[in-house]
Number of protein chains: 2
Amino acid sequence: MSVGDVSKRILLGRKLSSSQLGETLLPKRIALPVFASDALSSVAYAPDEVFIMLSAAGVTAYAFSWKIGLAVALVMLTVVLSYRQNVHAYPSGGGDYEVATVNLGRTAGVTVASALLVDYVLTVAVSISSGVQNAASALPFINHHETAWACALVILLAGVNLRGVRESGTAFAIPTYAFMAGVIGMGIYGLFLGITGNLPDVESADLTIAPAPGYEGDLGQIALIFLLARAFSSGCAALTGVEAISNGVPAFKKPKSKNAATTLALLGGIAITMLISIIGLARSMGLKYVDPDDIDRLTLHGQPLPEGYDQHTVIAQIARAVFDGFPPGFYFIVATTGIILVLAANTAFNGFPVLGSILAQDGYAPRALASRGDRLAYSNGIIFLATLAMVLIIAFDAEPTRLIQLYIVGVFVSFNLSQLGMIRHWTRHLKSETDPAERRRMYRSRAINTFGLAMTAVVFVIVLLTKFLAGAWIAILAMAFFFVLMKGIRKHYDRVAEELKADEQDKVMPTRVHAIVLVSKLHKPTLRALAFAKATRPNTLEAIFVDIDDDTTKRLLDQWDERGIDVPLKVLHSPYREIIRPIIDYAVEVRKQHPRGVVAVYIPEYVVGRWWEQLLHNQTALRLKGRLLFTPGIMVTSVPFQLRSSAVALERERREQGRVHAGDLRRGRTREEGDARGEGDE
Amino acid sequence: MSVGDVSKRILLGRKLSSSQLGETLLPKRIALPVFASDALSSVAYAPDEVFIMLSAAGVTAYAFSWKIGLAVALVMLTVVLSYRQNVHAYPSGGGDYEVATVNLGRTAGVTVASALLVDYVLTVAVSISSGVQNAASALPFINHHETAWACALVILLAGVNLRGVRESGTAFAIPTYAFMAGVIGMGIYGLFLGITGNLPDVESADLTIAPAPGYEGDLGQIALIFLLARAFSSGCAALTGVEAISNGVPAFKKPKSKNAATTLALLGGIAITMLISIIGLARSMGLKYVDPDDIDRLTLHGQPLPEGYDQHTVIAQIARAVFDGFPPGFYFIVATTGIILVLAANTAFNGFPVLGSILAQDGYAPRALASRGDRLAYSNGIIFLATLAMVLIIAFDAEPTRLIQLYIVGVFVSFNLSQLGMIRHWTRHLKSETDPAERRRMYRSRAINTFGLAMTAVVFVIVLLTKFLAGAWIAILAMAFFFVLMKGIRKHYDRVAEELKADEQDKVMPTRVHAIVLVSKLHKPTLRALAFAKATRPNTLEAIFVDIDDDTTKRLLDQWDERGIDVPLKVLHSPYREIIRPIIDYAVEVRKQHPRGVVAVYIPEYVVGRWWEQLLHNQTALRLKGRLLFTPGIMVTSVPFQLRSSAVALERERREQGRVHAGDLRRGRTREEGDARGEGDE
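Bear in mind that the values here come from a model prediction, so they are computed numbers and not experimental data.

Parameters at a glance
Residues numbered from 1 in each chain as written. Chains lettered and ligands numbered in written order. Predicted model: local features only at pLDDT ≥ 70, side-chain atom pairs only at ≥ 80, totals over all residues. Heavy atoms only, no water. Helix = DSSP H or I, 4+ residues; strand = E, 2+ residues; numbered from the N terminus. Buried < 20%, exposed > 50% of the residue type's maximum accessible area, 1.4 Å probe, protein only. Contact = heavy atoms within 4.5 Å. Areas by Shrake-Rupley, 256 points an atom, 1.4 Å probe, with all protein chains shown as cover. Axes fitted to C-alpha atoms, helices over the stretch in contact; angles between N-to-C directions. Parallel < 35°, antiparallel > 145°, perpendicular 65-115°, else oblique. Left-handed = near helix turned anticlockwise from the far one by under 90°. Nonpolar A, V, L, I, M, F, W, Y, C, P; charged D, E, K, R; others polar. Core = buried A, V, L, I, M, F, W, Y, C linked by side-chain atoms within 4.5 Å. Pairing = 2+ DSSP bridges. Phe/Tyr/Trp six-rings, centres within 6.5 Å; stacked < 30°, edge-to-face > 60°. Polar contact = N/O pair within 3.5 Å; in protein donor to acceptor, adjacent residues only side chain to side chain.

Asks: If you had to explain the overall build of chain A to someone new, which residues and values would you point to?
Replies: Across its full length, chain A holds 22 helices and eight strands. Scored against the burial criterion, the 682 residues of chain A give a buried share of 58%. Within chain A, contacts between residues separated by at least 24 positions form 83% of all contacts whose residues are at least 6 apart in sequence. For chain A, the computed accessible surface area is about 27300 Å², with 63% contributed by carbon and sulfur atoms.

Asks: Describe the packing of helix H5 (residues 106-138) of chain A against helix H14 (residues 400-432) of chain A, naming the residues involved and giving the relevant values.
Replies: Axis angle and axis distance: for two packed helices, these are the angle between their axes and the distance between the axes, and together they describe the pair. All names here are of chain A. Relative orientation of the contacting elements H5 and H14 amounts to 150°, with a least axis distance of 8 Å. Classified by the angle their axes make, H5 and H14 are roughly antiparallel. The crossing of H5 and H14 is left-handed. Of the residues that constitute the contact of H5 with H14, the class distribution is 15 nonpolar, seven polar and one charged.

Asks: I'd like a description of the nonpolar core, backed by residues and values.
Replies: By size, the foremost hydrophobic cluster in this structure holds 156 residues, and its most contacted members are Leu40, Ile128, Leu239, Ile318 and Leu359 of chain B. Residues contacting Leu239 of chain B, with those up to four places away along its chain left out, are Ser42, Val72, Val75, Met76, Val79, Phe412 and Phe415 of chain B. The next biggest cluster of nonpolar side chains, apart from the first, holds 153 residues, and it includes Val79, Phe232, Phe415 and Met479 of chain A.

Asks: Requested: an account of the sheet that holds strand E7 (residues 598-607) of chain B, with residues and values cited.
Replies: Read from one edge to the other, the open sheet built from 10 strands follows the order E6(A)-E5(A)-E4(A)-E7(A)-E8(A)-E8(B)-E7(B)-E4(B)-E5(B)-E6(B), with strand pairing classed as mixed. Whereas interior strands pair on both sides, the edge strands pair on one side only; in this sheet they are strand E6 (569-573) of chain A together with strand E6 (569-573) of chain B. Between one strand axis and the next, the sheet turns through 30° on average, direction left out of account. Note that strand E4 (residues 513-519) of chain A and strand E5 (residues 540-547) of chain A share six bridges and pair parallel. Along E5 of chain A, the bridge assignment pairs Ile516 of chain A with Glu542 of chain A.

Asks: Any details on the packing of aromatic side chains? Residues and values, ideally.
Replies: All names here are of chain A. The full count for this structure, using the stated rule, is 26 aromatic pairs over all chains. Ring geometry for Tyr83 against Phe415: centres 5.7 Å apart, planes inclined by 65°, an arrangement best described as edge-to-face. Of this pair, Tyr83 sits in helix H3 (residues 65-89) while Phe415 sits in helix H14, placing them 332 residues apart in sequence. Pair check on accessibility: Tyr83 and Phe415 agree, each one buried.

Asks: Please give an account of the side chain of Glu499 of chain B that cites residues and values.
Replies: Checked against the element boundaries, Glu499 of chain B lands in helix H15 (residues 436-500). Among the polar contacts made by the side chain of Glu499 of chain B, one reaches the main-chain amide nitrogen of Arg644 of chain A at a distance of 2.6 Å.

Have a look at this one:
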């Protein structure tokens, strides 16, 4: 087989995997649960936040809960409609980052990226905290240990993702559909009970809410508006995750954009239905819900609640009441809610490396992140994500209410910049488009995005006003940090690229090659290095040995003669048992004599397979190589000699290659095709 | 200047430094404090241990303290006499490890090495704990926070040694001589006071000691003997550190052995004088001293001691009483004692790397430890030592009394094996020696070592019997662990050496060289790599590029043509954005076609200088190199291109080279000569 064939074989391999690729893409029914778990899960905690905010003014303000729910639903509707435009216009999966970069420039793109990075951390923290809080409704032993359980869950998730677990459509589909069916089923059953006049009250119905300090008595107009704004902006937590589909378009079956847009519409419809159902039921069933930190504002018939009273989540309270005589119903709702919240956190672990690789391709993150195979980069990313999430969970006592104050601002930063970018996009395309039908469509799209921008901009301002002091400043600070960091990385790469730019004088070829083979002992690796060096036919070839004690040197010289090796052996003396410095000094000296030549240093290395063997071998070779790299005009050649134990490493490497990396599913890299590649690698 | 001259220049450099070496060696007056701080410092705590052990039977047993002091002095005398034989016979500085290895075989040598390793850890723990306890006598705020202060001191010492601080003769000489002068002066003044009948009582003289549980009433013969044996073996702590001089012979001025032997004799004389003075004074001044944990066995006129009573060390109590009207005298004694104990701990930090490098040369420790320049290896050693010492300090509440139970067994393991080795040594030499005078000397030396062995063997048995359950088992377990570890490392090196042994077929030269230059972009490093590769005139030369997106590939191909590069560029397709696997696959394929040839892979690398720049660059090159090493028949050449920032690293490297490493003084590497080398490295 000639080299040409090899190339063809590799080309062929590509064709095969490309064709396979189509088969493993996601149909809508699987894509929906995979990409919607984040968005749907937020429906589980958004109503709680609305009721908590309203409760500040006592139960009277609960009259507004309906309206706030509708307002949130309206925002969600416009956001979903807007994003349907995005997936059509940018089917490559770059999402908001790409839209902002292409249309608004790099600074906007990096801003969106910073917001997304902060969002991933908060998704983990909020989802897990909420999941634990939810689980506490059914599992009393979790009560009052929420932080510990939440941290344990984050560590578990990080562990699973470090180990490499394939996101599978089924794993998402079953619990997501179960959650949807459960909540919507509960809504329908509740509606039926309501119509028949049998709707029971929730456990907190008999409680009374004392207004928070500062909200006693009649509220002024402004105070009321501010209260409603706060409740509304907290409710907008329901919107988080809606943008996920726009990052996942490449994983959809063809026609990708159309399928993605349909899925997005489905997602919007389901989320709105669920949100309205929950708020409606809660309101009708007399729910009373306050900030867990202000639990003493709840009273029962004028008496404080018993010590250790546990306030269960809204969804759990409703489920317990609706399924009063049917405990499995309650447990089903609580269990699926918990699972979907964990799945939502897991999507952050999968989305993070995908965003990292996109940023790395653009030079805003270390380049190593761009390559799928770089396990170390992934691992660091996962550990980074988990650590930050745990810091937040611990700092905020695993209380979703307090974490959500940080959350929403980032989401709306990307919503806004993305919408603004889309408007620019349509305007630009309208300049060149002539087909009237197409132009009409573009005008319509632009109108939708403009409306979307208007809506999200208003929400963004409300969020900023109501949340800034409550915690959003932390998120903004973190975004600013990521922004500066990414800009700095890019600047560094640009500076290096400038320095590396080729010019004319770079074609000068060195006139001669002076080869030096390092000898430590006369064993197989040395002989191989000598043979290889000789095969390259350098202008001069010599072996050098560093003499650190006379006996060893004498023995080596004897062996050298004995074997009749026809390469001259030069001995460098090193009175202080230093090995590296004499070699460097010598190489530099040789190079000085032939400034237009090049010194090739051959280092025999034996390759071992286990990590502890690494500690015992080649440390000197490693440091020497590192040191020689800094010396101009010298090239360093490793001549490896594979010891038997190196097979262990090869085997491990092969297993490693076959492993799953977080984010694979999102990039359209799924089981069958991964395995096919793995088998081909013999 | 020809290459021959270079070699000569390096030879010349060696001569220069050898001659310098002599000038920086230690005269006796400096060597004594440097090597004796460990041995002398143990005199500071050994008497306390004797009194504590005796106190179990109440104050009546204190009558034996004199005799026990004399017994310990006798053992010390024989050990000193024995080691004088060692330094004459083995002047190379290998110490007990060398004596045991040469005469008793490797297993004995490794046993001694294990014992020494454990000893170093315990030296740090015991000295620092004792130093802190001593400081507490003068500085009341340390009381009851001994563990924290001891840990802080260990961290400080480790930090100082990590940073690299030159052990200087002066730094040792002043406090060591001050300590000797202080204690002996106190002894003489105390003797004078005693003769004139003015000897005051110590602060604890009025106290009464209740016997420990089980020691009430009249003691049986056996119980008394056991008690005395325990007290004696605790007192033998005074012997620790005596062997240090035998490891430091190379640092002495000529005649090395003679000077070392004289210094040893001096050390023995001083230590015995100090020990006897302290025990004598304590006894005469009515000292009462119990285990700090059993402080409630002390009573004052039948009443328990006041809450928070602090029992000061023996030396501090004596100093306070003797210098009653002269506080500077008391503070002088306490301060010099504290300093010498810290110096003793510091010697462990310096001795540890020296032992490590000797073990590494013999293949019992990672080879990297053998090279002075390996800062990482040193750092790990220092951190290891500090961590273990802190674990011990925390586990034993920084109480020297409890730590000493672990300490002495290791010391006596090396004493015994060393004496046994010396007997063998003389016996072997007697076989060939014919000169009667020389034979007589050898007979005498052997007699001394035999007597030494008899003495240390008895002590060893006593120590084992009395200390095993009290903690010696921990030390023995640790020794066993190090023993197995070192044996395992050696076995691994042997197995690898066997596998690497050259045989006849290793001379086969590869028939042809197929050179592959990896291209990621067309920039200076790539052009340089191409030029270098071309200069080596391979049989075939091609450039390869991994295509991960079509635009980049097209751009590169255009540039390639534009610049008219005469090396064929082959494009490997990689549908999954993998870079490493296609290259490996290709290289393996090429190699398969020419099994008798060799594939040379040239990797252009740009070299940056700062650690964070490393994170941003060359990660792929690094992993690729790592991966290619495991692929047979391939040699990997790095063609470095030094970016401007690489100068930072070169500068750092230069500073690093000039730095001090722990243990330098012990190896005869001192300031002047280190600086001279540093200056020569331009």
